[in-house]
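Structural description and commentary
The chain contents come next:
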Amino acid sequence: MKVTLIISILFLFASCKKHNSTITNLNSNKIDVLGHAGSGIASLYPINSMESFLNCFSEGANGTELDVQLTADDVLVAFHDENLNNSTNLTGKVRSKTWEELSNGFYDVVPMTQYKIIRVKDLLEATYSSDRIFTFDIKLLQDSQESQQLYMDVFAQKISDLFIEYNLYDQAFVESQSEAFILTLAGTDSSIKQFIYPQIFEDGLSIATGNDLFGITISTKNISAEQVDFAHSLGLRVTIWDVHSKKENREAVIKNPDMIQTDKVNYLVQYLN
Amino acid sequence: MLKLLISLLLLFPFLTKAQDSVKVNAVYIEAGGIGAYGSIGYERLFPISIKWQLGTRAGISTLNFVDFNDKFNPDLILPITISGYYGSKHQAEIGLANTITGINEFVNNDTKRNWSANGALIIGYRFNASRNPLFVKCFYSPMLIEYKRLIHWGGLAIGFRF
């Protein structure tokens, strides 16, 4: 009985653990908590669905990352996968469908649910507030027959239109794995703050400094605390993602990034508070 | 299919005759199955002969207790089943199920409960322990989502007979 009580008390304290060391970064020494495509991959709400985003905000996130793709009729939608087959009742690529076709689709990963695919505009209409952060992760998945540069030109223009319409310049970021897209977007709208999203830290650092970017978005597995410090010393913000467990969240916090895109929003918000 | 299920449920007491020696009530907990990721429920058996039994089950489940606006507003998943069992200690099961769902969704800038009905076939094996009132079972339960779209599904259950 005593042992059970002691274990219960220890468990209670462990689950309420709070971060208590000093944060030093370029974001006024605080870490902004962003949901990973909403409430993250472990949530019962499908990533990039409206319900997932709303749930993430209700858990106290400062903002969210979202995956952005372009439809056949050039509408920006929030969707992650290369194909619709794996997570929806539709088939093919987003780029092969018009928005009207996509709007009739739904996520079918959780049985008996029909959460809708949404436009980026829908998300902003429903959740915009001036202190909410949005990071648009650009997924370049064009049709094989179209010109890549033409596709990127249209994509960049649509992103720029969105920033203008909702005046997102102070609260939203764009991240991309493609230096070519980053250059295209910078040519279209130089006021948008951009992050390179590399696999290797040094590659990202080189592209970020070479193109005067706002920062680097990188997996927590591919960056150390020292590398975060070094990026900060060059004036680059650092966003860490790929943090699924509580332990990974705590380890990410120790690195002092400016933002964390987490799959455990509730936990990270409580931990940092 | 829903009408067929309801008709069979209503006719059950007249189709069957109880046998005193058989425990005809059970509560169970199910992982997977026709309650999506799991459910709890009650089962009533109607013995027809030494080897044959009919059973009706009603359960309840949810996906989220708290909705995406952080309000207590559980999704509702309400499975009902009618099954035939053959055997005594080791039983084969075949059954039909209908699951009513009320899932919270964000529609037209508001939280709305989307009600739907889903069908399922159940093909399973059940083991009734002889020295205690427990039973376990495993089953394949392909579902027809909204009676239109087939998904392959299955589950495990453990129950207590009384």
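Each remark here, short or long, concerns the structure printed above.
The text that follows walks through the structure, step by step, so that each part is easy to find. (Residues numbered from 1 in each chain as written. Chains lettered and ligands numbered in written order. Predicted model: local features only at pLDDT ≥ 70, side-chain atom pairs only at ≥ 80, totals over all residues.)

On the side of chain A, 15 residues touch chain B, which itself brings 20 residues to the contact. Here the element with the most residues in the side of chain B that touches chain A is strand S5 (residues 90-107) of chain B; it accounts for 5 residues. Residues that form the side of chain B that touches chain A fall into these classes: 10 nonpolar, 7 polar and 3 charged. (Contact = placed C-beta atoms within 7 Å. Helix = DSSP H or I, 4+ residues; strand = E, 2+ residues; numbered from the N terminus. Nonpolar A, V, L, I, M, F, W, Y, C, P; charged D, E, K, R; others polar.)

Its identity is not glycine, yet A:Asn167 carries a phi of approximately 45°, on the positive side. Structurally, the position occupied by A:Asn167 is in the loop between helix H5 (148-166) and strand S6 (172-176). Positive phi is not limited to glycine here, since B:Glu146 has a value of about 50°. Within the secondary structure, B:Glu146 is located in the loop between strand S8 (143-145) and strand S9 (149-151).

Here the focus is the packing of H5(A) against helix H6 (residues 179-188) of chain A. Residue and element names in this part refer to chain A. Viewed as axis vectors pointing N to C, H5 and H6 meet at an angle of 50°, and their least axial separation amounts to 9 Å. Comparing their axes, H6 and H5 come out oblique. Classified by chirality, the crossing of H6 by H5 is right-handed. Seen from H5, the contacting residues are Met-152, Asp-153, Ala-156, Gln-157, Ile-159 and Ser-160; seen from H6, they are Ala-180, Phe-181, Thr-184, Leu-185 and Thr-188. For the contact of H5 with H6, the residue count by class is 6 nonpolar, 4 polar and 1 charged. (Axes fitted to C-alpha atoms, helices over the stretch in contact; angles between N-to-C directions. Parallel < 35°, antiparallel > 145°, perpendicular 65-115°, else oblique. Left-handed = near helix turned anticlockwise from the far one by under 90°.)

Residue and element names in this part refer to chain A. By the element assignment, Ala-208 lies in helix H7 (residues 201-210). Using a count of 25 C-beta atoms within 10 Å as the deciding quantity, one classes Ala-208 as buried. For Ala-208, the residues in contact, after removing those within four places along its chain, are Ile-196, Leu-213, Gly-215, Ile-216 and Leu-236. (Buried ≥ 20, exposed ≤ 12 C-beta atoms within 10 Å, placed from the backbone.)

Moving on to the nonpolar core. Counting residues in hydrophobic clusters, the biggest one holds 68 residues, and the most contacted among them are A:Val77, A:Ala78, A:Phe136, A:Ile216, A:Ile240 and A:Ile260. In this structure A:Phe136 touches A:Leu66, A:Val68, A:Ile159, A:Ala172 and A:Val174, once residues within four positions along its chain are discounted. In this structure, B:Ile77, B:Ala97, B:Ile122 and B:Phe139 belong to the second largest nonpolar core, which totals 12 residues. (Core = buried A, V, L, I, M, F, W, Y, C linked by C-beta atoms within 7 Å.)

Between two packed helices, what matters for the description is the angle formed by their axes and the separation of those axes. All names here are of chain A. One way to put it is that helix H9 (residues 246-254) packs onto helix H10 (residues 265-272) with a least axis distance of 10 Å and a crossing angle of 45°. With respect to H10, the element H9 is oriented oblique. Here the hand of the crossing between H9 and H10 comes out right-handed. Residue-level inspection shows Lys-246, Asn-249, Arg-250 and Val-253 of H9 in contact with H10, the latter providing Tyr-267, Leu-268, Tyr-271 and Leu-272. For the contact of H9 with H10, the class distribution of residues is 5 nonpolar, 1 polar and 2 charged.

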